[in-house]
Amino acid sequence: MLKNYLKAALRFLKHNKVFAGINIMGLSIALAASFIILLYVINELSYNHCHKNRKSVYRVLNYYKDFNQIMAGTPYVLASALKDEFPQVIKAANARPTSFQLKLGEEIITVRPAMAAESDIFDIFTIPLTGGSPGKNLLDEMNSLVLSSELAERLFPNENPVGKEIIGLANNKETLFIVKGVFEDIPVNSTFRAQCFINSRWTLDPINESFKVTNADVNWTFDFWNTWILLAKGTDPGEFEKQFRAFEKKNISEDPHNNYSLQNLSDVYLDSENVANTGVKGNIKNVRLFSLIAFLIVLVAAINYIILSTAVSSSRGKEIGIRKTFGAYNDNIRKQLLSESVLLVLLVLPVALVLTWFALPVAGRLFQTRLNIISSNILAYISVYLVVTILIGFFSGIYTSSYLSRLKVMDILKNIIQTGKRKQALRSSLIIIQLVIFCAFVSCTLIIRSQYNYALKKDTGHYTKDILIVELGRNFKGYSAFINSIKLSPNVIMAAGVMNGLPMLGSMSTMYPHFREPETKIKVEGLAVDYNFIKTMGIPVIAGREFSEEFGSDLTQSVILNETAVKALGISDPVGQKLGSQNIIGVVKDFNLHSIHTDIPPLSIDMTDRYIQQVAVHYKPETLNNILPFIEAEWKKAAPDRPFQYSTIESLIESLYSSEKNLSTIVSIFALFTLLIAAFGLFGLVLFIGRSRTKEIGIKKVFGSSGKAIIYSFLRANIVLVFIASLISVPVTIYFMTKWLNNYSYKTAISPWVFLIAFVISAFVVIATVFFHSYKASRTNPVKALRYE
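Attention in this report is confined to the structure presented alongside it. (Residues numbered from 1 in each chain as written. Predicted model: local features only at pLDDT ≥ 70, side-chain atom pairs only at ≥ 80, totals over all residues. Heavy atoms only, no water.)

A look at the overall build of the chain
Selection criterion: Strands here are runs of E lasting at least two residues and helices are runs of H or I lasting at least four, both read from the DSSP assignment and numbered beginning at the N terminus. Only protein chains enter the accessibility calculation, which uses a 1.4 Å probe; a residue is then buried when its area is under 20% of its type maximum, exposed when over 50%, and partly exposed in between. We get accessible surface area from the Shrake-Rupley algorithm with a probe of 1.4 Å; when it comes to residues, only the shown protein chains can shield them.
When its secondary structure is counted, the chain shows 25 helices and 25 strands. Residues classed as buried in the chain amount to 50% of the 789 residues present. When the accessible surface of the chain is totalled, it reaches about 38,000 Å², and 58% of it is carbon and sulfur.

Quick look at the structure:
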């Protein structure tokens, strides 16, 4: 039976090449676009599924009550304390990314990422070992080194690396490491990434040195490590969390300012939007958005099929009538028509896969991620692609198969199916839906682009050009000599050090009591700078003064506030008053500390000489190419062992809003796909309608109708559809884009011009598409037209 349906389907497609060709082009584009999006969605949703124990693996989160902030950082001692105190914790380990290099002969290899961790980490994440002894404490010794397979092959090609010695540089100290094991390369869809592991105690000395302490390994206030635990099967994480309150009182204080909680490994990637310092993370909003876009593109393609199927249904009337005369049942005809629809989509599948393959590199750049074909997801790709393909074929054919199979023989003989107004109304409604989707896509693209341009051009309150940011890194020894040498260049206006420059990506905060209501605590963000930073960035001082080397107390006892901090703290005359133990020496005009996604926060600017990690250089316009070689030469004198890394403030700001730029490009490309698919359908529809109205056009011409009038009749009907679709798209676009713009504290207004542009573009394409066949129809010879049929 199925074989007969397939033969009939192939016969129909062979005799309706225009119908098949238009649908194949539309479906190929739709499937390829949806496949790319589905690849992205599957990859995003599969993060950390490569770890077999993921349902029992948890990251301990740290909630700071005073700051109302969740952090991924926890104390070094937490892992061992949890393991010792709770029998539900089978394994526990702390981990922290670290700077690590290996010496291979004369070559220095920087290992990124390198992870300092404890031995339990291999069991927690079920990291398979290809060399070494499973179950052994691989990282217990200070000189223990465990390599990835890729790194091991690079260092020891065609050799067993276990037991080999190699010199490594940890904390800028050369140490002889011994390779204790080799692990399989961690899959790319894991948030826990490492090319090698070393003992976690290597991370203690830098913390002890920075904070001038000796107890970072037992101190409960230094939250610089991630703590991972493996819970026993059957443990209820919610009930287990409740035991943390007594644990915190016992180990931190009777009134701890932070609370611990658990986050399952499966939630780390897509559910860490509000977790600071979380590391690799995704965006569940993007997953939902792109899934919606894929659905809309597929919907447009399915609508195309229905429109064209109803258009050619008149040519199938005699076939169905004859089959019914010879005893065919409605069910037989319905199955045959459905099989035609599914077969057509399956024929398109290989074409769509080829298009997808060639488009992946470009799509990866747009999605800001590598669209890898992950081996562990192959079954998911195949299953989802096949299901989507078959569903498109099924739902595309369900209406036409039901409609045509119910036709009565007498109606077919009377030619009723050619003149049904209900069918015409359905086609018009479906075309409107297609055009609504396209108009909404175009309007959304223009609004997103407008917000992106607004972000780039907004007055941030500090210089946004002619600023160079030089990355120093941690524990930079030659800072003073380096910055003094930079200032000697005649093209350098000013230079200054800062912990994290502008625009600031991270944050650090302190709670201060309100000046009038001391029981109320105000969260104030901090910016640690060196002398002249305020002047270098062009931030206006509106009261008092900025930091000066003439005042020795500024380094430790002075602070500058912004306008928002003065208002939030309720200070009427701030200069000369104390904030904590520091003297307020000045007030600066409000400026955007972060991106425009967030409001300007209350801000305290403090001096630091210990945590400078960047240097901001204000240079004369159009002199960047002149000063770069000079600064690099001075860098090599100050830090010959460190790479020279820099960025301009323009590139930093652009990268800050790169997601908006790429989103605009993505939506515009999919708008183009939607328009192409809809245009294919409209092209075919006008072709079939033109054929079906041949006699009508001939009669009109006999009675004196001009060619222009015939063309106008075609165009008028379709322009009305465009106008209706444009009107419907306006509230739809405003609703969704208002919600999107609410993610920004500073946003552009939605201009009515975007809707007018969307209307003009869609009208132009529809007119161009319809005009070709309407012009051809208007040139029909009346004599031949009247002989038609």
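So much for the structure itself; the text now carries on.
Overview of unusual backbone geometry
Backbone torsion omega between Arg112 and Pro113 reads -10 degrees, so that peptide bond is classified as cis. The omega torsion across Leu502 and Pro503 is -10 degrees, close enough to zero to call that bond cis. By secondary structure assignment, the location of Pro503 is in the loop between strand S16 (492-498) and strand S17 (509-513). The phi dihedral of Asn171 falls on the positive side, at around 55 degrees, and the residue is not glycine. Mapped onto the fold, Asn171 is located in the loop between strand S9 (165-170) and strand S10 (173-183). The class of Asn171 is partly exposed, set by a relative accessible area of 22%. Unusually for a residue other than glycine, Glu622 sits at a positive phi of about 65 degrees. In this structure, Glu622 sits in the loop between strand S24 (614-619) and helix H19 (624-638).

Regarding the environment of Lys285
To keep it simple, the criterion reads: Between two residues, a contact is recorded if the distance between any of their heavy atoms is within 4.5 Å. Any pair of nitrogen or oxygen atoms within 3.5 Å is treated as a polar contact; in protein, a donor-acceptor pairing is required on top of that, and neighbouring residues in sequence qualify only through side-chain atoms on both sides.
Its place among the elements puts Lys285 in helix H9 (residues 284-311). Taking the C-alpha atoms as reference, Lys285 lies 9.1 Å from Leu270; in sequence the two are 15 residues apart. Not counting residues within four places of it along the chain, the set of residues in contact with Lys285 comprises Glu273 and Asn743. Here Asn743 takes part through its side chain, which lies 3.5 Å from a polar atom of the side chain of Lys285.

Notes on a nonpolar patch on the surface
Here is the rule: Patch rule: a residue counts if its relative accessible area is over 30% and it has no salt bridge; like charges are joined within 9 Å, and nonpolar side chains (Val, Leu, Ile, Met, Phe, Trp, Tyr) within 5 Å. For this document, the term salt bridge refers to a Lys or Arg side-chain nitrogen within 4 Å of an Asp or Glu carboxyl oxygen.
Among the surface-exposed residues, Leu346, Val354, Trp357, Phe358, Ile373, Ile378, Ile382, Leu386 and Ile390 lie close enough to one another that they form a single nonpolar patch of about 860 Å² accessible area. Among the elements of the structure, helix H11 (330-367) and helix H12 (378-405) are those that each provide at least two residues to the nonpolar patch. Assignment of secondary structure puts Ile390 in helix H12.

Some details on helix H3 (residues 78-85)
One full turn of an α-helix is made of 3.6 residues, so residues set three or four places apart face in the same direction. The test is simple: The directions from the helix axis to the C-beta atoms form the arc being described.
Of all the residues in H3, the buried ones are Leu78, Ala79, Ala81 and Leu82. Taken down its axis, H3 places every buried residue within 165 degrees of arc, on the same side.

Details of the packing of aromatic side chains
Rule in force here: What counts as a ring pair is set by centres within 6.5 Å for rings of Phe, Tyr and Trp (its six-membered ring), and what kind of pair is set by the plane angle: stacked under 30 degrees, edge-to-face over 60, tilted for all other angles. Criterion for a charge above a ring: Arg CZ or Lys NZ at most 6 Å from the ring centre, at most 35 degrees from the ring normal.
All told, the structure shown has 34 aromatic pairs when counted by the stated rule. Considering the side-chain rings of Trp220 and Phe247, the 5.8 Å spacing of their centres and the 70 degrees angle between planes classify their relative orientation as edge-to-face. Here the residue Trp220 occupies a position in the loop between helix H6 (204-211) and strand S12 (226-231), and Phe247 occupies one in helix H8 (residues 244-251), the gap between them amounting to 27 residues. Note on accessibility: Trp220 and Phe247 belong to one class, buried. Members of the aromatic cluster, joined through ring pairs, are Phe122, Phe125, Phe183, Phe192, Phe197 and Trp228. One residue, Lys458, lies across the ring of Tyr746, its end atom 4.5 Å from the ring centre.

Observations concerning the nonpolar core
Defined as follows: Nine residue types can take part in a nonpolar core, namely buried Ala, Val, Leu, Ile, Met, Phe, Trp, Tyr and Cys, and a core is a set of them joined through side-chain atoms within 4.5 Å.
By size, the foremost hydrophobic cluster in this structure holds 94 residues, and its most contacted members are Phe367, Leu527, Phe533, Phe591 and Ile605. Ranked by the residues each element gives to this core, the list is headed by helix H2 (residues 17-45), at 13 residues. Once you skip the residues sitting within four places of it in the chain, Phe367 turns out to touch Ile36, Ile37, Tyr40, Phe290 and Ile666. Phe122, Ile124, Phe125 and Ala194 belong to the second largest nonpolar core, which has 22 residues in total.

Some words on the pairing of strand S20 (residues 558-562)
The criterion, for reference: The pairing criterion for strands is at least two bridges between them, as found by DSSP.
For S20, the tally of buried residues reaches 5 of 5 residues, placing the bulk of the element in the interior. Neither face of S20 is exposed, since Ser558, Ile560 and Asn562 on one face and Val559 and Leu561 on the opposite face are all buried. Alignment of S20 against strand S22 (residues 582-588), held across 5 bridges, turns out to be parallel. Looking at the pairing, Leu561 lines up with Val587 of S22. Two strands pair when backbone bridges link them, and S20 and strand S23 (residues 603-607) are joined in this way by 3 bridges, in the antiparallel orientation. Bridge pairing in S23 links Leu561 to Ser604.

Comments concerning the pattern of salt bridges
For the structure shown, the criterion picks out 14 salt bridges. A salt bridge links Lys91 to Asp120; the nearest nitrogen and oxygen atoms lie 3.9 Å apart. Here the residue Lys91 occupies a position in strand S3 (residues 89-98), and Asp120 occupies one in the loop between strand S6 (114-117) and helix H4 (121-124), the gap between them amounting to 29 residues. Take Lys91: its relative accessible area is 23%, and that puts it in the partly exposed class. The class for Asp120 is buried, based on a relative accessible area of 11%. Notably, a salt bridge pairs Asp123 with Lys91, separated by 3.4 Å at the nearest N-O pair. Of this pair, Asp123 sits in helix H4 while Lys91 sits in strand S3, and the two are 32 residues apart along the sequence. Several salt bridges converge on common partners, so that one network encompasses Lys83, Lys91, Asp120 and Asp123.

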